[in-house]
Amino acid sequence: MTDTMVTKIKLPSDQDASGRNLGAEEIAAVSEAILSGTLTSTKGRFVKTLEQRFAERLGVKHAFACASGSAAVHCAVAAIDPEPGDEIITTSITDMGALAPILYQGAIPVFADVDPQTCNLTAKSIEACISERTKAIVVTHLFGNPCEMDAIMRLSRERNIPVIEDCAQAFGATYEGKPVGTLGAIGTFSLQQGKHVTTGEGGLVVTNDDALARHMYLFINKAWGYGDPKPDHYFLALNYRMSELCGAVALAQLEKLDAVVRRRVELAADLDRRLQGIPGVSVPYVGPKSVHTYWKYCIRADKSVVPEGVGGVARLLREYDIFTVPRYIEKPAFMCEVFQKQRTFGKSRFPFTLARPEAIDYRPERLPGTLEALDGILVIPWNDRFSEADVRFIADAIRNSVETLRGDA
Ligand SMILES: *Cc1c(COP(=O)(O)O)cnc(C)c1O
(Lines give C-alpha, C1' and ligand atoms only; values in the text may rest on other atoms or scores of the structure.)
Protein backbone atom coordinates (compact mmCIF):
# COMPACT_ATOMS: atom_id res chain seq x y z
CA MET A 1 0.00 0.00 0.00
CA THR A 2 1.48 3.36 -0.96
CA ASP A 3 0.95 6.51 1.01
CA THR A 4 -0.84 8.28 -1.83
CA MET A 5 -3.61 5.69 -1.82
CA VAL A 6 -4.52 6.46 1.76
CA THR A 7 -6.88 9.29 2.59
CA LYS A 8 -6.09 10.52 6.06
CA ILE A 9 -8.37 12.22 8.52
CA LYS A 10 -6.99 13.95 11.57
CA LEU A 11 -8.92 12.42 14.46
CA PRO A 12 -9.79 14.51 17.54
CA SER A 13 -7.33 13.80 20.36
CA ASP A 14 -7.99 13.80 24.10
CA GLN A 15 -4.54 15.38 24.57
CA ASP A 16 -5.62 18.77 23.18
CA ALA A 17 -8.62 20.97 22.47
CA SER A 18 -9.67 18.91 19.44
CA GLY A 19 -10.93 16.09 21.62
CA ARG A 20 -11.80 17.78 24.90
CA ASN A 21 -14.93 19.66 25.90
CA LEU A 22 -13.18 22.56 27.60
CA GLY A 23 -14.66 25.95 26.79
CA ALA A 24 -16.64 28.94 27.94
CA GLU A 25 -18.29 27.14 30.89
CA GLU A 26 -14.97 26.06 32.37
CA ILE A 27 -13.44 29.49 31.80
CA ALA A 28 -16.38 31.19 33.52
CA ALA A 29 -16.18 28.84 36.49
CA VAL A 30 -12.40 29.22 36.88
CA SER A 31 -12.71 33.01 36.63
CA GLU A 32 -15.29 32.96 39.37
CA ALA A 33 -13.03 30.80 41.53
CA ILE A 34 -10.04 33.09 40.98
CA LEU A 35 -11.99 36.27 41.63
CA SER A 36 -13.39 34.80 44.84
CA GLY A 37 -9.82 34.87 46.15
CA THR A 38 -10.26 31.48 47.81
CA LEU A 39 -8.41 28.68 46.07
CA THR A 40 -8.36 26.08 48.83
CA SER A 41 -11.25 23.66 49.11
CA THR A 42 -11.18 23.88 52.91
CA LYS A 43 -12.65 27.38 52.61
CA GLY A 44 -14.13 27.57 49.12
CA ARG A 45 -17.41 26.28 47.68
CA PHE A 46 -16.54 24.77 44.27
CA VAL A 47 -15.07 21.50 45.52
CA LYS A 48 -17.85 21.16 48.12
CA THR A 49 -20.50 21.68 45.43
CA LEU A 50 -18.71 19.21 43.15
CA GLU A 51 -18.79 16.59 45.92
CA GLN A 52 -22.50 17.14 46.53
CA ARG A 53 -23.39 16.97 42.83
CA PHE A 54 -21.27 13.89 42.20
CA ALA A 55 -22.85 12.11 45.18
CA GLU A 56 -26.34 13.05 43.93
CA ARG A 57 -25.56 11.92 40.40
CA LEU A 58 -24.46 8.49 41.61
CA GLY A 59 -27.10 8.26 44.32
CA VAL A 60 -24.55 7.73 47.11
CA LYS A 61 -24.26 9.25 50.57
CA HIS A 62 -20.68 10.52 50.29
CA ALA A 63 -18.34 11.79 47.58
CA PHE A 64 -14.96 13.46 48.10
CA ALA A 65 -12.71 15.10 45.54
CA CYS A 66 -8.96 14.56 45.68
CA ALA A 67 -5.77 15.21 43.76
CA SER A 68 -5.77 12.32 41.27
CA GLY A 69 -7.15 8.90 40.45
CA SER A 70 -4.10 7.45 42.20
CA ALA A 71 -4.91 9.51 45.30
CA ALA A 72 -8.50 8.24 45.09
CA VAL A 73 -7.32 4.62 45.15
CA HIS A 74 -4.92 5.50 47.97
CA CYS A 75 -7.81 6.94 50.01
CA ALA A 76 -9.84 3.79 49.42
CA VAL A 77 -7.04 1.45 50.44
CA ALA A 78 -6.19 3.61 53.47
CA ALA A 79 -9.84 3.51 54.57
CA ILE A 80 -9.73 -0.31 54.53
CA ASP A 81 -6.70 0.13 56.82
CA PRO A 82 -4.74 -3.06 56.08
CA GLU A 83 -2.09 -4.33 58.49
CA PRO A 84 1.39 -4.38 56.92
CA GLY A 85 1.68 -7.51 54.79
CA ASP A 86 -2.09 -7.92 54.35
CA GLU A 87 -3.14 -8.78 50.84
CA ILE A 88 -5.29 -6.93 48.33
CA ILE A 89 -6.42 -8.87 45.30
CA THR A 90 -6.37 -6.94 42.06
CA THR A 91 -5.61 -7.01 38.34
CA SER A 92 -2.30 -6.59 36.55
CA ILE A 93 -3.99 -4.96 33.54
CA THR A 94 -4.46 -1.52 35.00
CA ASP A 95 -2.74 1.81 35.62
CA MET A 96 0.17 1.84 38.10
CA GLY A 97 -1.82 4.50 39.95
CA ALA A 98 -4.15 1.74 41.09
CA LEU A 99 -1.30 -0.43 42.43
CA ALA A 100 1.27 1.91 43.98
CA PRO A 101 -1.20 2.97 46.73
CA ILE A 102 -1.47 -0.63 47.91
CA LEU A 103 2.30 -0.79 48.47
CA TYR A 104 2.33 2.68 50.08
CA GLN A 105 -0.18 1.42 52.65
CA GLY A 106 2.13 -1.52 53.40
CA ALA A 107 -0.14 -4.07 51.73
CA ILE A 108 0.67 -6.64 49.05
CA PRO A 109 -1.01 -6.58 45.64
CA VAL A 110 -1.99 -10.14 44.73
CA PHE A 111 -2.71 -10.44 41.03
CA ALA A 112 -5.70 -12.47 39.93
CA ASP A 113 -6.16 -13.58 36.34
CA VAL A 114 -8.54 -11.93 33.89
CA ASP A 115 -11.08 -13.16 31.37
CA PRO A 116 -9.18 -12.82 28.07
CA GLN A 117 -12.34 -11.69 26.32
CA THR A 118 -12.94 -8.61 28.50
CA CYS A 119 -9.54 -8.23 30.24
CA ASN A 120 -11.54 -7.94 33.49
CA LEU A 121 -11.22 -9.88 36.75
CA THR A 122 -13.86 -12.53 37.47
CA ALA A 123 -15.29 -13.87 40.73
CA LYS A 124 -13.67 -17.21 39.94
CA SER A 125 -10.19 -15.78 39.39
CA ILE A 126 -10.48 -13.62 42.51
CA GLU A 127 -11.66 -16.53 44.65
CA ALA A 128 -8.60 -18.55 43.65
CA CYS A 129 -6.41 -15.85 45.25
CA ILE A 130 -8.22 -15.42 48.56
CA SER A 131 -6.13 -16.20 51.64
CA GLU A 132 -6.40 -15.57 55.37
CA ARG A 133 -4.65 -12.28 54.80
CA THR A 134 -6.96 -10.93 52.06
CA LYS A 135 -8.21 -7.53 53.20
CA ALA A 136 -9.86 -6.17 50.05
CA ILE A 137 -10.46 -6.67 46.35
CA VAL A 138 -9.82 -3.89 43.83
CA VAL A 139 -11.61 -4.39 40.52
CA THR A 140 -10.99 -2.18 37.49
CA HIS A 141 -13.83 -1.72 35.00
CA LEU A 142 -11.34 -1.73 32.16
CA PHE A 143 -11.90 0.60 29.21
CA GLY A 144 -15.34 1.43 30.68
CA ASN A 145 -16.67 -2.13 30.53
CA PRO A 146 -18.09 -3.23 33.91
CA CYS A 147 -16.82 -6.40 35.59
CA GLU A 148 -19.43 -9.10 36.30
CA MET A 149 -20.36 -7.47 39.59
CA ASP A 150 -23.18 -9.79 40.71
CA ALA A 151 -20.83 -12.75 41.10
CA ILE A 152 -18.04 -10.56 42.50
CA MET A 153 -20.34 -8.97 45.12
CA ARG A 154 -21.75 -12.39 46.04
CA LEU A 155 -18.19 -13.55 46.72
CA SER A 156 -17.49 -10.34 48.64
CA ARG A 157 -20.50 -10.92 50.93
CA GLU A 158 -19.81 -14.64 51.43
CA ARG A 159 -16.18 -14.06 52.38
CA ASN A 160 -16.73 -10.70 54.04
CA ILE A 161 -14.09 -8.93 51.92
CA PRO A 162 -14.83 -5.36 50.76
CA VAL A 163 -14.64 -4.46 47.07
CA ILE A 164 -13.11 -1.23 45.81
CA GLU A 165 -14.26 -0.38 42.28
CA ASP A 166 -11.70 1.53 40.21
CA CYS A 167 -13.92 3.50 37.82
CA ALA A 168 -11.18 5.75 36.41
CA GLN A 169 -12.10 4.54 32.93
CA ALA A 170 -15.80 3.95 33.54
CA PHE A 171 -17.69 7.21 34.13
CA GLY A 172 -21.37 6.61 33.40
CA ALA A 173 -21.04 2.82 33.12
CA THR A 174 -23.75 0.76 34.80
CA TYR A 175 -24.30 -2.80 35.94
CA GLU A 176 -27.89 -4.02 36.36
CA GLY A 177 -28.88 -0.37 35.93
CA LYS A 178 -26.73 0.83 38.83
CA PRO A 179 -23.73 3.15 38.35
CA VAL A 180 -20.38 1.42 38.76
CA GLY A 181 -18.65 2.73 41.84
CA THR A 182 -21.82 2.26 43.92
CA LEU A 183 -21.91 -1.55 43.92
CA GLY A 184 -18.84 -2.18 46.06
CA ALA A 185 -17.82 -0.56 49.35
CA ILE A 186 -15.94 2.30 47.65
CA GLY A 187 -15.75 3.64 44.09
CA THR A 188 -12.81 5.67 42.75
CA PHE A 189 -12.62 7.96 39.71
CA SER A 190 -9.94 9.93 37.85
CA LEU A 191 -10.17 13.33 36.16
CA GLN A 192 -6.77 13.05 34.48
CA GLN A 193 -6.31 14.59 31.01
CA GLY A 194 -7.30 11.51 29.04
CA LYS A 195 -10.40 10.36 30.96
CA HIS A 196 -14.07 10.92 29.97
CA VAL A 197 -14.04 14.35 31.65
CA THR A 198 -11.00 16.14 32.99
CA THR A 199 -9.45 18.76 35.20
CA GLY A 200 -5.94 17.89 34.02
CA GLU A 201 -5.33 16.01 37.24
CA GLY A 202 -7.97 15.11 39.80
CA GLY A 203 -9.92 12.32 41.40
CA LEU A 204 -13.09 11.40 43.30
CA VAL A 205 -14.10 8.73 45.79
CA VAL A 206 -17.64 7.63 46.65
CA THR A 207 -19.17 5.44 49.34
CA ASN A 208 -22.39 4.78 51.23
CA ASP A 209 -20.48 3.74 54.37
CA ASP A 210 -20.17 6.51 56.98
CA ALA A 211 -17.02 5.13 58.62
CA LEU A 212 -15.19 4.64 55.30
CA ALA A 213 -16.32 8.13 54.28
CA ARG A 214 -14.93 9.67 57.46
CA HIS A 215 -11.61 7.88 57.00
CA MET A 216 -11.31 8.99 53.37
CA TYR A 217 -12.22 12.58 54.20
CA LEU A 218 -9.51 12.64 56.86
CA PHE A 219 -7.00 10.90 54.60
CA ILE A 220 -7.39 13.70 52.05
CA ASN A 221 -6.82 16.30 54.79
CA LYS A 222 -3.66 15.19 56.64
CA ALA A 223 -6.08 13.45 58.98
CA TRP A 224 -6.88 16.78 60.59
CA GLY A 225 -10.29 16.78 62.24
CA TYR A 226 -11.70 20.01 60.80
CA GLY A 227 -14.70 21.17 62.79
CA ASP A 228 -14.14 18.72 65.65
CA PRO A 229 -14.28 20.10 69.22
CA LYS A 230 -10.64 19.09 69.82
CA PRO A 231 -9.13 18.52 66.37
CA ASP A 232 -5.82 16.72 65.98
CA HIS A 233 -3.86 14.87 63.28
CA TYR A 234 -5.46 11.52 64.07
CA PHE A 235 -3.23 9.29 61.93
CA LEU A 236 -0.67 9.29 59.10
CA ALA A 237 -2.02 11.03 56.01
CA LEU A 238 -0.99 13.50 53.31
CA ASN A 239 -2.59 16.51 51.70
CA TYR A 240 -4.55 14.97 48.82
CA ARG A 241 -6.97 17.88 48.36
CA MET A 242 -8.25 19.14 45.05
CA SER A 243 -7.88 22.90 44.61
CA GLU A 244 -10.83 25.19 43.91
CA LEU A 245 -9.43 25.79 40.39
CA CYS A 246 -9.85 22.11 39.54
CA GLY A 247 -13.12 21.99 41.43
CA ALA A 248 -14.49 24.78 39.24
CA VAL A 249 -13.44 22.99 36.03
CA ALA A 250 -14.80 19.69 37.35
CA LEU A 251 -18.21 21.24 38.07
CA ALA A 252 -18.46 22.53 34.50
CA GLN A 253 -17.23 19.19 33.12
CA LEU A 254 -19.79 17.28 35.16
CA GLU A 255 -22.59 19.13 33.37
CA LYS A 256 -21.26 17.72 30.10
CA LEU A 257 -20.70 14.16 31.26
CA ASP A 258 -24.06 12.69 30.21
CA ALA A 259 -23.64 13.97 26.66
CA VAL A 260 -20.05 12.70 26.53
CA VAL A 261 -21.09 9.24 27.66
CA ARG A 262 -24.13 9.08 25.36
CA ARG A 263 -22.06 10.03 22.33
CA ARG A 264 -19.26 7.58 23.09
CA VAL A 265 -21.76 4.73 23.42
CA GLU A 266 -23.60 5.73 20.24
CA LEU A 267 -20.38 5.94 18.21
CA ALA A 268 -19.20 2.58 19.57
CA ALA A 269 -22.46 0.95 18.44
CA ASP A 270 -21.79 2.38 14.99
CA LEU A 271 -18.25 0.95 14.91
CA ASP A 272 -19.59 -2.41 16.20
CA ARG A 273 -21.87 -2.56 13.15
CA ARG A 274 -19.18 -1.50 10.71
CA LEU A 275 -16.67 -4.08 11.90
CA GLN A 276 -19.09 -7.01 11.53
CA GLY A 277 -17.88 -9.73 9.21
CA ILE A 278 -14.18 -8.83 9.16
CA PRO A 279 -12.51 -12.22 9.44
CA GLY A 280 -10.63 -12.79 12.70
CA VAL A 281 -11.66 -9.46 14.24
CA SER A 282 -13.98 -9.26 17.23
CA VAL A 283 -15.63 -6.20 18.73
CA PRO A 284 -15.84 -5.55 22.51
CA TYR A 285 -17.87 -8.11 24.44
CA VAL A 286 -20.43 -6.41 26.67
CA GLY A 287 -22.34 -8.57 29.17
CA PRO A 288 -26.16 -8.50 29.19
CA LYS A 289 -26.28 -6.61 32.51
CA SER A 290 -23.66 -4.01 31.56
CA VAL A 291 -23.51 -0.62 29.92
CA HIS A 292 -19.97 -0.08 28.61
CA THR A 293 -19.07 3.61 28.22
CA TYR A 294 -15.96 3.28 26.04
CA TRP A 295 -13.05 5.13 27.52
CA LYS A 296 -11.32 3.25 24.72
CA TYR A 297 -12.68 0.94 22.03
CA CYS A 298 -10.75 -2.34 21.89
CA ILE A 299 -10.84 -4.91 19.16
CA ARG A 300 -9.35 -8.37 19.32
CA ALA A 301 -7.60 -9.98 16.36
CA ASP A 302 -7.17 -13.74 16.08
CA LYS A 303 -3.60 -14.43 14.96
CA SER A 304 -4.58 -17.68 13.24
CA VAL A 305 -6.82 -15.68 10.89
CA VAL A 306 -5.07 -12.29 10.76
CA PRO A 307 -1.34 -12.81 10.12
CA GLU A 308 0.80 -10.83 12.62
CA GLY A 309 -2.33 -10.23 14.72
CA VAL A 310 -2.87 -6.90 16.44
CA GLY A 311 0.76 -5.83 15.92
CA GLY A 312 0.28 -6.08 12.16
CA VAL A 313 -3.04 -4.24 12.24
CA ALA A 314 -1.51 -1.45 14.37
CA ARG A 315 1.41 -1.09 11.93
CA LEU A 316 -0.88 -0.74 8.92
CA LEU A 317 -3.23 1.64 10.75
CA ARG A 318 -0.29 4.01 11.30
CA GLU A 319 -0.31 4.62 7.55
CA TYR A 320 -3.72 6.21 8.08
CA ASP A 321 -2.37 8.22 11.04
CA ILE A 322 -4.56 6.09 13.31
CA PHE A 323 -2.38 5.51 16.36
CA THR A 324 -3.57 2.44 18.19
CA VAL A 325 -1.94 0.59 21.07
CA PRO A 326 -1.48 -3.14 20.67
CA ARG A 327 -1.51 -4.93 24.08
CA TYR A 328 -2.75 -1.73 25.91
CA ILE A 329 0.07 -2.03 28.43
CA GLU A 330 3.15 -3.65 27.02
CA LYS A 331 3.43 -6.09 29.91
CA PRO A 332 1.37 -7.04 32.96
CA ALA A 333 2.04 -4.55 35.78
CA PHE A 334 3.92 -7.12 37.88
CA MET A 335 6.61 -7.29 35.18
CA CYS A 336 7.60 -3.71 36.05
CA GLU A 337 10.73 -3.16 38.12
CA VAL A 338 8.86 -2.00 41.20
CA PHE A 339 7.55 -5.59 41.53
CA GLN A 340 10.32 -7.60 39.89
CA LYS A 341 13.09 -5.83 41.84
CA GLN A 342 10.90 -4.91 44.81
CA ARG A 343 12.04 -1.28 44.73
CA THR A 344 10.08 0.50 47.42
CA PHE A 345 11.55 2.23 50.50
CA GLY A 346 15.35 2.47 50.57
CA LYS A 347 16.77 -1.02 50.38
CA SER A 348 14.15 -2.46 52.71
CA ARG A 349 11.94 -4.09 50.04
CA PHE A 350 9.08 -3.33 52.47
CA PRO A 351 6.30 -4.48 52.35
CA PHE A 352 7.33 -7.41 50.13
CA THR A 353 9.47 -8.69 53.03
CA LEU A 354 6.28 -9.43 54.97
CA ALA A 355 4.52 -11.32 52.20
CA ARG A 356 3.63 -14.99 51.91
CA PRO A 357 5.77 -16.38 49.05
CA GLU A 358 2.66 -17.44 47.08
CA ALA A 359 1.27 -13.89 47.31
CA ILE A 360 4.29 -12.43 45.53
CA ASP A 361 4.65 -15.11 42.89
CA TYR A 362 4.91 -12.57 40.07
CA ARG A 363 5.72 -15.03 37.29
CA PRO A 364 3.69 -14.37 34.12
CA GLU A 365 2.91 -18.05 33.48
CA ARG A 366 0.70 -18.00 36.59
CA LEU A 367 -1.79 -15.83 34.71
CA PRO A 368 -2.48 -17.36 31.27
CA GLY A 369 -5.69 -15.37 30.79
CA THR A 370 -3.79 -12.11 31.33
CA LEU A 371 -1.13 -13.03 28.78
CA GLU A 372 -3.77 -14.09 26.26
CA ALA A 373 -5.75 -10.90 26.91
CA LEU A 374 -2.79 -8.62 26.27
CA ASP A 375 -1.67 -10.61 23.24
CA GLY A 376 -4.99 -10.20 21.46
CA ILE A 377 -6.11 -6.61 22.11
CA LEU A 378 -5.73 -3.48 20.10
CA VAL A 379 -6.73 -0.24 21.82
CA ILE A 380 -8.32 2.24 19.45
CA PRO A 381 -8.42 5.84 20.68
CA TRP A 382 -11.99 6.83 21.38
CA ASN A 383 -13.59 10.22 21.65
CA ASP A 384 -17.05 11.72 21.92
CA ARG A 385 -15.96 14.34 19.39
CA PHE A 386 -15.50 11.79 16.63
CA SER A 387 -17.91 12.31 13.74
CA GLU A 388 -19.69 9.51 11.88
CA ALA A 389 -17.17 10.09 9.10
CA ASP A 390 -14.32 9.50 11.58
CA VAL A 391 -15.86 6.21 12.66
CA ARG A 392 -16.35 5.14 9.03
CA PHE A 393 -12.71 6.07 8.35
CA ILE A 394 -11.51 3.94 11.30
CA ALA A 395 -13.70 1.01 10.24
CA ASP A 396 -12.53 1.14 6.62
CA ALA A 397 -8.91 1.42 7.71
CA ILE A 398 -9.25 -1.64 9.94
CA ARG A 399 -10.99 -3.62 7.18
CA ASN A 400 -8.32 -2.66 4.62
CA SER A 401 -5.49 -3.44 7.03
CA VAL A 402 -6.85 -6.88 7.83
CA GLU A 403 -7.38 -7.60 4.13
CA THR A 404 -3.81 -6.54 3.37
CA LEU A 405 -2.45 -8.79 6.11
CA ARG A 406 -4.54 -11.69 4.80
CA GLY A 407 -3.18 -11.05 1.33
CA ASP A 408 -6.59 -10.90 -0.28
CA ALA A 409 -6.70 -7.15 -0.83
C1 LIG B 1 -6.00 6.73 35.06
C2 LIG B 1 -6.16 5.57 35.95
C3 LIG B 1 -5.76 5.59 37.30
C4 LIG B 1 -4.95 6.69 37.89
O5 LIG B 1 -5.50 7.93 37.76
P6 LIG B 1 -4.54 9.24 37.79
O7 LIG B 1 -5.55 10.34 37.84
O8 LIG B 1 -3.75 9.21 36.53
O9 LIG B 1 -3.71 9.14 39.00
C10 LIG B 1 -6.07 4.50 38.08
N11 LIG B 1 -6.71 3.44 37.59
C12 LIG B 1 -7.06 3.37 36.30
C13 LIG B 1 -7.77 2.15 35.82
C14 LIG B 1 -6.79 4.42 35.43
O15 LIG B 1 -7.15 4.33 34.13
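Residues numbered from 1 in each chain as written. Predicted model: local features only at pLDDT ≥ 70, side-chain atom pairs only at ≥ 80, totals over all residues. Heavy atoms only, no water.

Visitor: How would you explain empty space enclosed by the protein if you had to name every residue and give the values?
Guide: One pass over the full model with this rule turns up one cavity of 30 Å³ or more. The calculated volume of the largest cavity comes to roughly 30 Å³. For the lining of the largest cavity, a count of residues per class yields two nonpolar, three polar and two charged. (1 Å grid on protein atoms, 1.4 Å probe; cavity = no way out; pocket = protein on both sides within 12 Å on 5 of 7 lines; lining within 4 Å. Points joined across faces, edges and corners; volume = space filled by probe spheres on them. Nonpolar A, V, L, I, M, F, W, Y, C, P; charged D, E, K, R; others polar.)

Visitor: So, the packing of aromatic side chains: which residues are in play, and what are the values?
Guide: Scanning the entire structure with this criterion turns up 19 aromatic pairs. When the ring of phenylalanine 111 is compared with that of phenylalanine 339, the centres are 5.3 Å apart and the planes differ by 85 degrees; the resulting orientation is edge-to-face. Pair noted here: phenylalanine 111 is in strand S3 (residues 108–112) and phenylalanine 339 is in helix H10 (residues 337–340), with a separation of 228 residues, a long-range link. Of the two residues, phenylalanine 111 and phenylalanine 339, neither departs from the other in class, the shared state being buried. A connected cluster of aromatic rings, assembled from ring pairs, spans Phe111, Phe334, Phe339, Phe352 and Tyr362. Just above the ring of phenylalanine 46 sits the side chain of arginine 45; from NZ or CZ to the centre is 4.6 Å. The aromatic ring of tryptophan 295 is capped on one face by lysine 195, whose charged end is 5.5 Å from the ring centroid. (Phe/Tyr/Trp six-rings, centres within 6.5 Å; stacked < 30°, edge-to-face > 60°. Helix = DSSP H or I, 4+ residues; strand = E, 2+ residues; numbered from the N terminus. Buried < 20%, exposed > 50% of the residue type's maximum accessible area, 1.4 Å probe, protein only. Lys NZ or Arg CZ within 6 Å of the ring centre and 35° of its normal.)

Visitor: Before we move on, could you go through a nonpolar patch on the surface and cite the residues and values that matter?
Guide: Residues Ile34, Leu35, Leu39 and Leu245 make up a contiguous nonpolar surface patch of roughly 390 Å² in combined accessible area. Residue placement: isoleucine 34 occurs in helix H1 (residues 24–36). (Patch = residues over 30% accessible without salt bridge, like charges linked within 9 Å, V, L, I, M, F, W, Y side chains within 5 Å. Areas by Shrake-Rupley, 256 points an atom, 1.4 Å probe, with all protein chains shown as cover. Salt bridge = Lys/Arg side-chain N within 4 Å of Asp/Glu carboxyl O.)

Visitor: Tell me about the site of the ligand, residues and numbers included.
Guide: Near the ligand there are 14 residues, and of these Gly69, Ser70, Asp166, Ser190 and Lys195 occur at the shortest range. Between an oxygen atom of the ligand and a main-chain N or O atom of glycine 69, the distance comes to 2.7 Å. Between serine 190 and the ligand, the recorded distance is 2.7 Å, taken from a side-chain N or O atom to an oxygen atom. Protein chains bury 92% of the 380 Å² of accessible surface belonging to the ligand in isolation. Under a 2 Å grid-point criterion requiring more than half of the atoms, the pocket assigned to the ligand is the largest pocket. Tallied by class, residues from the shell around the ligand come to two nonpolar, nine polar and three charged. (Near = heavy atom within 4 Å. Polar contact = N/O pair within 3.5 Å; in protein donor to acceptor, adjacent residues only side chain to side chain. Sits in = over half its atoms within 2 Å of the grid points.)

Interpretation in functional terms is not warranted from these geometric data alone.
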